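A structural walkthrough
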Amino acid sequence: MHLLRSSSGTIGRTAGAWLTLLLLFVVLVPSACLLWFVNRAAENENLAVRQKLVEAYRAHLLLAQERAQSYWLRLGPDSAAVEHESAPALFARLVRDGVADAVVGFDASGLVLYPNDSRPSAAVVVDRRWREARVCEQTDPRQAATLYASIAADSDSPETTARALQAQARCLVRASEPAAAIELLTGPLAAEKLHDALDPQGRLIAPNAALMALELLPAEAAVRRRDLAQEIADRALDYRDPSMTSAQRRFLLRELSQLAPAVSTSPFLAAEDLAARWLAAPRSTPPEATLCRSSVEDVWQFAPPGGRLVFLHRTDALLARLHTAITQPEIPADVRIDLVPPGAEPKGVLLTLPAGSAMPEWRLALVFLDPGALTAATSARSTFYLWIGGLTVVFVVLLACLTWKLLQRQLALTRLRNDLVANVTHELKTPLASMRLFVETILAAPALDEKTVREYLTLIAQENLRLSRLIDNFLTFSRIERKKYVYDLRPVEASEIAECAAAAVRERFNAPECTFTTDIPADLPAIEADAGALVTALINLLDNAWKYSGDTKRIAFAVRAHGGSVEFAVTDNGIGLAPRDRQRIFRRFYQVRPQGSPANGGCGLGLSIVHSIVDAHCGTICVDSAPGCGSTFTIALPIARP
Ligand code: ADP
């Protein structure tokens, strides 16, 4: 029986372990797959949102591309204007209108028209008086001034007059007569007829003379200084007059910016400087008809087809110009279109497109003003998916736990049924075999005396009783396990129950080898109990006391009222129990049977039945025992309330 029980238990446990593993597999694999899918779905959602935005904004970017392209195309007519408009005037117009930071104009043969640095100038006849005056300049500036004055007075040529007056003014300054010099510079030298007179280097004399007067004027003459500075500026910025070279303009404007900062020279001084630097730097000829870096740092050049004009742009100004050109009022407020120069890597870009054939390597980028907005839009969806996924996994896990519990229960029941079948068949065989043996012996003997026959019949009756007990126990156990046992709890006298149990065993216990004592006071309080079930429990304890005692048995059955309970104690002088077994004997089918010991007619159900019955009565059962020292099993049940 031991073997049978343990093998069915092991098989049950192995099946349980496999089922648990299978369940884990069934839960974990789909959960992992589900989470993977959810994650992929969230990623795809992000991509889809991005794609939608890209599609929505692509039209804006294409329009910007078109506008950028037409911005450069619009420069073509300006370039053609060099044919009929004077180069300085064209320069001034384009710079003033902010079309470019500077412009360089060429003639049809590729020579620079503007900004030009020199201009041919007529030579003056140097006679004896000129030579004398020049010699005197160092030694006697006063005298030299007089000589230059006489040359100017005698001359009919504006060039000679202007140069002589300029030299006279220079000598007066050397002779420490600045006031006279100022009068000369702002008076005769500013006369209309000397307006276009040039010095030997091709520079206009009048504006240079005015500048000299400005330098000489004392700070107190503020009004005069201001008027004079404005006059010089007007002259320097008069681009309709082609007689002034770019070099002289640059010089005058730069000096003015020092001497009279209040006079505005913007944006022409910067434009002149930029054009001059570009001309001084090595350059490709003819310039390319696309936007490209020039040899001047941070400056871009663009020459519309024809190559007659080159537009120069500083990077920041170019970006501002193009930004204005491509800006669309209908563009959504949360995005911006940026122009990205070659090599730059902007952040938060949703989409880029080439800026067009006029701007090779430049890109148009659609930039999110708040890069977090895109993430927020997509992460809300992702969080939603993750929640759904998480909840589904939790639901699956809960379902699996429930299934696992049901399976465990089903397994336990299956195990129980197997154990029961194995035990019942085995345990029923023993008393039946004994009875058959006695009956066969009686039948086989030719003549048996009455005493022997009675002895055999007594033994058969005992085996029969044992068999009945066994079957009773099985039935009770089966009903309890199937929850089919209905307890009929009602107040009953504890002494009545105790007497009933004692009476059931008394006849058997009255054997010569057994001393059975009872202590059942008549005045015991009533308890609330199912009398039949409780008697069964007590008979089981008394039966065990008989079974597990040696050849000389001393069994005591005492009942007493104690602390709100009635205690039923069965004491024997039997084999006793080890501490380890005292905990386990109440489990079903548990038997303490040392290896090789004979069967005692039980199947390990008695105490588990007792335990169930005591539980149903809200009572307790305890055992006090030690190996070889006997045992006392005590059932305590609460006293019935009046
Ligand atoms: P069984 O049918 O084997 O008697 P029980 O459930 O009644 O089943 O008892 C379980 C085990 O507890 C027994 O096998 C026995 O070893 C031990 N046991 C029960 N009563 C006593 C007792 N009075 N003295 C010693 N051992 C006992």
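Residues numbered from 1 in each chain as written. Predicted model: local features only at pLDDT ≥ 70, side-chain atom pairs only at ≥ 80, totals over all residues. Heavy atoms only, no water.

Notes on the site of the ligand
Among the 19 residues in the neighbourhood of the ligand, the closest are listed as Asn-544, Tyr-548, Gln-591, Cys-603 and Leu-607. Measuring from an oxygen atom of the ligand, one finds a side-chain N or O atom of Tyr-548 at 2.6 Å. Interatomic distance of 2.8 Å between a side-chain N/O atom of Asp-572 and a nitrogen atom of the ligand. Surface burial for the ligand is 98%, taken as the share of its 520 Å² of free accessible area covered by protein chains. Going through the elements one at a time, helix H16 (531–547), helix H18 (606–616) and strand S15 (631–638) are the ones with two or more residues in the shell around the ligand. Here the shell around the ligand is built from residues that sort into ten nonpolar, seven polar and two charged. (Near = heavy atom within 4 Å. Polar contact = N/O pair within 3.5 Å; in protein donor to acceptor, adjacent residues only side chain to side chain. Areas by Shrake-Rupley, 256 points an atom, 1.4 Å probe, with all protein chains shown as cover. Helix = DSSP H or I, 4+ residues; strand = E, 2+ residues; numbered from the N terminus. Nonpolar A, V, L, I, M, F, W, Y, C, P; charged D, E, K, R; others polar.)

Remarks on the domain arrangement of the chain
Taken domain by domain, the chain consists of domain 1 (2–69 + 374–439), domain 2 (128–244) and domain 3 (484–638). For domain 2 versus domain 3, the distance between C-alpha centres works out to 143 Å. (Domains from an automatic or database assignment.)

Concerning the packing of helix H8 (residues 205–216) against helix H10 (residues 246–259)
Between H8 and H10, the shortest axis-to-axis distance is 11 Å and the interhelical angle comes to 15°. Put simply, H8 runs roughly parallel to H10. When you trace H8 past H10, the crossing you get is left-handed. Across the interface between the two elements, Pro-207, Asn-208, Leu-211, Leu-214 and Glu-215 of H8 pack against Gln-248, Phe-251, Leu-252, Glu-255, Leu-256 and Leu-259 of H10. Within the contact of H8 with H10, the residues separate by chemical class into seven nonpolar, two polar and two charged. (Axes fitted to C-alpha atoms, helices over the stretch in contact; angles between N-to-C directions. Parallel < 35°, antiparallel > 145°, perpendicular 65-115°, else oblique. Left-handed = near helix turned anticlockwise from the far one by under 90°. Contact = heavy atoms within 4.5 Å.)

Brief notes about unusual backbone geometry
The peptide bond linking Tyr-114 to Pro-115 adopts the cis configuration, its omega dihedral lying at 0°. For Pro-115, the position within the fold is in the loop between strand S2 (112–114) and helix H4 (128–139). A cis geometry characterises the amide bond from Ser-266 onward to Pro-267, with omega recorded as 0°. Here Pro-267 lies in the loop between H10 and helix H11 (268–280). At Ser-176, a position not held by glycine, the phi torsion is positive, near 60°.

Looking at the sheet that holds S2
Across the sheet, five strands lie side by side as S2-S1-S5-S4-S3; this open sheet has antiparallel pairing. Taken across any chain shown, the strands that pair with only one partner, and hence form the sheet edges, are S2 and strand S3 (292–293). Here strand S4 (residues 299–302) pairs with strand S5 (residues 309–314) via four bridges, running antiparallel. Considered in S5, the bridge of Phe-302 is made with Phe-311. Sheet strands in contact with helix H3 (residues 87–96) are strand S1 (102–106), S2 and S5, and its direction is about 60° off that of S2. Contacts between helix H12 (residues 315–326) and the sheet are confined to S4 and S5, with S5 contributing the most and set at about 100° to the helix. (Pairing = 2+ DSSP bridges.)

Some remarks on the environment of Gln-166
Assignment of secondary structure puts Gln-166 in helix H6 (residues 158–174). Remark: the alpha-carbon pair of Gln-166 and Phe-91, spanning 75 residues in sequence, is separated by 31 Å. Discounting chain neighbours no more than four positions away, the residues touching Gln-166 are Leu-189, Asp-199, Ile-205 and Asn-208.

So, the packing of aromatic side chains
In the structure shown here, the tally under the stated rule is 14 aromatic pairs. Centroid distance Trp-36 to Phe-37: 5.2 Å. Interplanar angle 65°. Geometry classified as edge-to-face. On the accessibility criterion, Phe-37 (53% relative accessible area) is exposed. Arranged with centres 5.0 Å apart and planes meeting at 85°, the rings of Tyr-71 and Trp-72 form a pair that is edge-to-face. Ring-pair connections join several aromatic residues into one group, and the members of that group are Phe-91, Tyr-114, Tyr-239 and Phe-268. Lying across the ring of Tyr-239, Arg-249 places its NZ or CZ 4.2 Å from the centre. Above the ring of Trp-546, the side-chain terminus of Lys-553 is found at 4.7 Å from the ring centroid. (Phe/Tyr/Trp six-rings, centres within 6.5 Å; stacked < 30°, edge-to-face > 60°. Buried < 20%, exposed > 50% of the residue type's maximum accessible area, 1.4 Å probe, protein only. Lys NZ or Arg CZ within 6 Å of the ring centre and 35° of its normal.)

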